[in-house]
Amino acid sequence: MHLDSLVYKNIAQEFQEKYDCALGKRRLDSVLVERGTCSNKGRNAKSFLLKNEVFVNGERKTDGKTTVESGDEIEIRQMDGEKTRFKIEEDIYIAIDKPKGVVCSNVSDSHETVFEWLKRTSDLPAGDIDRLHMVGRLDSETSGLLILTTDGSFSHFLTNPESGIEKTYHVLLKNGVDTESRNRYSRKAKDGVTMPPEKKSPEEVSGKTELRWISGTECLATLTEGKFHEVRRIFRALGNEVAELRRVAIGNLTLKGNEPTQLTPEDLLASVERYRP
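Computed from a predicted structure; not experimentally measured.

Each value, and the rule that gives it
Residues numbered from 1 in each chain as written. Predicted model: local features only at pLDDT ≥ 70, side-chain atom pairs only at ≥ 80, totals over all residues. Heavy atoms only, no water. Helix = DSSP H or I, 4+ residues; strand = E, 2+ residues; numbered from the N terminus. Contact = heavy atoms within 4.5 Å. Areas by Shrake-Rupley, 256 points an atom, 1.4 Å probe, with all protein chains shown as cover. 1 Å grid on protein atoms, 1.4 Å probe; cavity = no way out; pocket = protein on both sides within 12 Å on 5 of 7 lines; lining within 4 Å. Points joined across faces, edges and corners; volume = space filled by probe spheres on them. Nonpolar A, V, L, I, M, F, W, Y, C, P; charged D, E, K, R; others polar. Buried < 20%, exposed > 50% of the residue type's maximum accessible area, 1.4 Å probe, protein only. Arc of directions from axis to C-beta. Phe/Tyr/Trp six-rings, centres within 6.5 Å; stacked < 30°, edge-to-face > 60°. Core = buried A, V, L, I, M, F, W, Y, C linked by side-chain atoms within 4.5 Å. Pairing = 2+ DSSP bridges. Axes fitted to C-alpha atoms, helices over the stretch in contact; angles between N-to-C directions. Salt bridge = Lys/Arg side-chain N within 4 Å of Asp/Glu carboxyl O.

Peer 1: I'd like a description of the overall build of the protein chain, backed by residues and values.
Peer 2: A tally of helices and strands in the protein chain yields nine helices and 19 strands. For the protein chain, the share of sequence-separated contacts (at least 6 apart) that also reach a separation of at least 24 residues comes to 60%. Accessible surface, the protein chain as shown: approximately 14700 Å² in total, 46% of it carbon and sulfur.

Written out as structure tokens, the structure is:
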């Protein structure tokens, strides 16, 4: 995926913010945006900090780049007299091995949701689970690595196609293919194929996808986009069907076992290592 220097610079800068976040540090303007106090980290946050009084642990701050961390107390005194006080909560980052049949949704009448499954099978406090949201989605018939977090900016970074974060899937095909067909599949997937419409998704061209073959029926598919059922639709466009699909990696981050895992700073950095400054 080609990125011009400006986009790369923005990604590198955002990575550095995530690096700081993984070490328990965050920017003040990011905190204000996530709480809905400001609409963005640019001029809006800068103007808000100058027009209103914002204190971190009792000390007034006017620079949105000020570093804050878990446990810091924030007080906001707005021009209209409204006052707000809160303590920065530590963000939660969880990796799970989502099983087939569990849906990536908050509510479902027909299937168990990821959050219901977590409450039933893990030791995570229910209050912590209620704070989580999913970083991207896997369809009900796809298993594998799914990240859940309370950190909205980290989630946006991982799911934004411009970030170029690679997601890798283990694919088991319904019909085996010979060497010539494998090479043809790989060439077409790399160039992008026209995928058939499915449900609410129109006919569209897939993103650049790398196929690494294990056998005539198995391969690893790596891509940076996340269109609806993209991997399944790619192989359907190539004249085959996916029998089993499992996500095995996000960036360099892989599952460590079957149990939900609290991610470490090293894990978080592994997921975005490609763009470390």
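From this point, the narrative continues.
Peer 1: Run through the layout of surface pockets, naming residues and quoting values.
Peer 2: In this structure, the largest pocket occupies an estimated 670 Å³ of space. Lining the largest pocket we find 30 residues, and of these Arg 137, Leu 138, Asp 139, Gly 226 and Lys 227 sit closest to its centre. Sorting the residues of the lining of the largest pocket by element identifies helix H6 (152–159), strand S12 (167–173), helix H8 (230–237) and strand S17 (242–250) as the ones contributing at least two each. Residue composition of the lining of the largest pocket, grouped by class: twelve nonpolar, eight polar and ten charged.

Peer 1: Which residues make up helix H3 (residues 43–51), and what values do they have?
Peer 2: Turning to H3, its buried residues are Ala 45, Phe 48 and Leu 49. Here the buried residues of H3 occupy an arc of 95° about the axis, which is enough to place them on one side. Exposed and oriented more than 90 degrees from the buried face of H3 are Arg 43, Lys 46, Leu 50 and Lys 51. Among the structural elements, helix H2 (28–34), strand S2 (53–56), strand S3 (59–61) and strand S5 (73–77) are those in contact with the buried residues of H3.

Peer 1: I'd like to hear about the packing of aromatic side chains, residue by residue, with values.
Peer 2: Within the structure shown, the criterion is met by two aromatic pairs. Look at Tyr 185 and Trp 213: their rings are 6.1 Å apart centre to centre, the planes differ by 45°, and that puts the pair in the tilted class. One end of the pair, Tyr 185, is in helix H7 (residues 179–191); the other, Trp 213, is in strand S15 (residues 209–213), and 28 residues separate them in sequence. Taking the centre distance of 6.2 Å and the plane angle of 65° together, the rings of Tyr 185 and Phe 235 count as edge-to-face. With Tyr 185 in helix H7 and Phe 235 in helix H8, this pair connects stretches of sequence that are 50 residues apart.

Peer 1: Can you explain the nonpolar core? Please cite residues and give values.
Peer 2: The biggest cluster of nonpolar side chains holds 33 residues, and the ones touching the most others in it are Ile 96, Val 114, Leu 118, Leu 146, Leu 148, Val 171 and Phe 235. Taken together, the elements giving at least two residues each to this core come down to strand S7 (93–98), helix H4 (114–121), strand S11 (142–149), S12, H7, strand S16 (218–223), H8 and S17. Among the elements that line this core, the one with the most residues is H4, at four residues. If we ignore the near neighbours within four places in the chain, the residues touching Val 171 are Thr 217, Glu 218, Cys 219, Ala 221, Val 231, Phe 235, Val 242, Glu 244 and Leu 245. If you look at the next biggest cluster of nonpolar residues, it comprises 14 residues, including Leu 32, Phe 48, Val 68 and Ile 76.

Peer 1: Explain the sheet that holds strand S6 (residues 83–87) residue by residue, including any values.
Peer 2: Backbone-to-backbone hydrogen bonds join strands into a sheet, with any given pair of strands oriented parallel or antiparallel. One open sheet holds the four strands; their spatial order is S3-S2-S5-S6, and the pairing between them is antiparallel. With one partner strand each, in any of the chains shown, S3 and S6 form the two edges of the open sheet. Neighbour-to-neighbour, the strand axes of this sheet turn through a mean angle of 25°, independent of strand direction. Bridge count between S2 and S5: four bridges; the pairing is antiparallel. Paired with Val 56 across the bridge in S5 is Ile 74. Where H3 meets the sheet, it contacts S2, S3 and S5, and its direction lies at approximately 140° from that of S3.

Peer 1: Describe the pattern of salt bridges, with residues and values.
Peer 2: A side chain of one charge can pair with a side chain of the opposite charge if their charged atoms are brought near each other. One pass over the full model with this rule turns up 16 salt bridges. The partner of Arg 77 in a salt bridge is Glu 53, and the shortest N-O contact between them spans 3.9 Å. Of the two residues, Arg 77 is situated in strand S5 and Glu 53 in strand S2; the sequence distance between them amounts to 24 residues. Judged by its relative accessible area of 32%, Arg 77 falls in the partly exposed class. The exposure class of Glu 53 is partly exposed, given its relative accessible area of 32%. A salt bridge links Lys 61 to Glu 59, with the nearest nitrogen and oxygen atoms 3.2 Å apart. Connected through shared salt-bridge partners, Glu 53, Glu 75 and Arg 77 make up one network.

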